[in-house]
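Listed below are the residues making up each chain.
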Amino acid sequence: VFSCNLLGTMGYIAVLKYFDSVVVATIMLMEPAVAAFFGFWAGLDPLPGLRTWVGNAIVMVGSGIVIYSGSKKTEHIDATKALRPRSNPIGTSTLRHSIVAAERVS
């Protein structure tokens, strides 16, 4: 159990590099419904009762609404204009300082 939990959690953390956190959280909410199908498919558990299916449906619909509404409100910002070159203690940029030093050596 410990290794499965550890590997599963590490998998969720790893995919956060590629997917939005809302999508990953929604997938985590779907685990009980998927586990119910796997348990039935493997012949280990009977299918859950009506209340479980209604609860799973509510979670799925709510998760779909969250993902859909979040995708419409996403704003992309270009932060490259906010970047500035690094400066040395004198206040000039490092690149300019190295070019001036090369000219003095020549």
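Bear in mind the structure is a predicted one, so any value in this text is a computation, not a measurement.

Caption draft 1: Expanded view of the overall build of the protein chain. If you tally the helices and strands in the protein chain, you get five helices and zero strands. Order of helices (α) and strands (β) in the protein chain, N terminus to C terminus: α-α-α-α-α. Relative to its full complement of 106 residues, the protein chain shows a buried share of 9%. Sequence separation of 24 or more characterises 35% of the internal contacts of the protein chain that already satisfy a separation of 6 or more. Approximately 9,400 Å² of the protein chain is accessible, and the part contributed by carbon and sulfur atoms is 68%.

Caption draft 2: Region of the structure containing a nonpolar patch on the surface. Together, Phe2, Leu6, Met10 and Ile13 make up an exposed nonpolar region whose accessible area comes to about 460 Å². Relative to the elements of secondary structure, Ile13 occurs in helix α1 (residues 2–15).

Caption draft 3: Focus on the confidence of the model for the protein chain. Averaged over the protein chain, the pLDDT score is 75; the fraction of residues at 70 or greater is 65%. Across the protein chain, the secondary-structure element scoring lowest on mean pLDDT is helix α5 (residues 94–105), at 46, and the one scoring highest is helix α3 (residues 31–41), at 87. Low pLDDT, under 50, characterises residues 95–106; the predicted model gives this stretch two contacts beyond four residues in sequence or across chains.

Caption draft 4: Up close: the side chain of Ser63. Along the chain, the position of Ser63 falls in helix α4 (residues 50–72). Polar contacts involving the side chain of Ser63 include one to the main-chain carbonyl oxygen of Val59, which spans 2.8 Å. Once you skip the residues sitting within four places of it in the chain, Ser63 turns out to touch Thr26, Leu29 and Met30.

Caption draft 5: Examining the packing of aromatic side chains more closely. Evaluation of the coordinates by the stated rule reveals one aromatic pair. Between the aromatic rings of Phe37 and Trp53, the centroid separation amounts to 5.1 Å while the plane-to-plane angle is 45 degrees, which identifies the pairing as tilted. Of this pair, Phe37 sits in helix α3 while Trp53 sits in helix α4, and the two are 16 residues apart along the sequence. Judged by its relative accessible area of 45%, Phe37 falls in the partly exposed class. On the accessibility criterion, Trp53 (26% relative accessible area) is partly exposed.

Rules and cut-offs
- Residues numbered from 1 in each chain as written.
- Predicted model: local features only at pLDDT ≥ 70, side-chain atom pairs only at ≥ 80, totals over all residues.
- Heavy atoms only, no water.
- Helix = DSSP H or I, 4+ residues; strand = E, 2+ residues; numbered from the N terminus.
- Buried < 20%, exposed > 50% of the residue type's maximum accessible area, 1.4 Å probe, protein only.
- Contact = heavy atoms within 4.5 Å.
- Areas by Shrake-Rupley, 256 points an atom, 1.4 Å probe, with all protein chains shown as cover.
- Patch = residues over 30% accessible without salt bridge, like charges linked within 9 Å, V, L, I, M, F, W, Y side chains within 5 Å.
- Salt bridge = Lys/Arg side-chain N within 4 Å of Asp/Glu carboxyl O.
- pLDDT = per-residue confidence, 0-100.
- Polar contact = N/O pair within 3.5 Å; in protein donor to acceptor, adjacent residues only side chain to side chain.
- Phe/Tyr/Trp six-rings, centres within 6.5 Å; stacked < 30°, edge-to-face > 60°.

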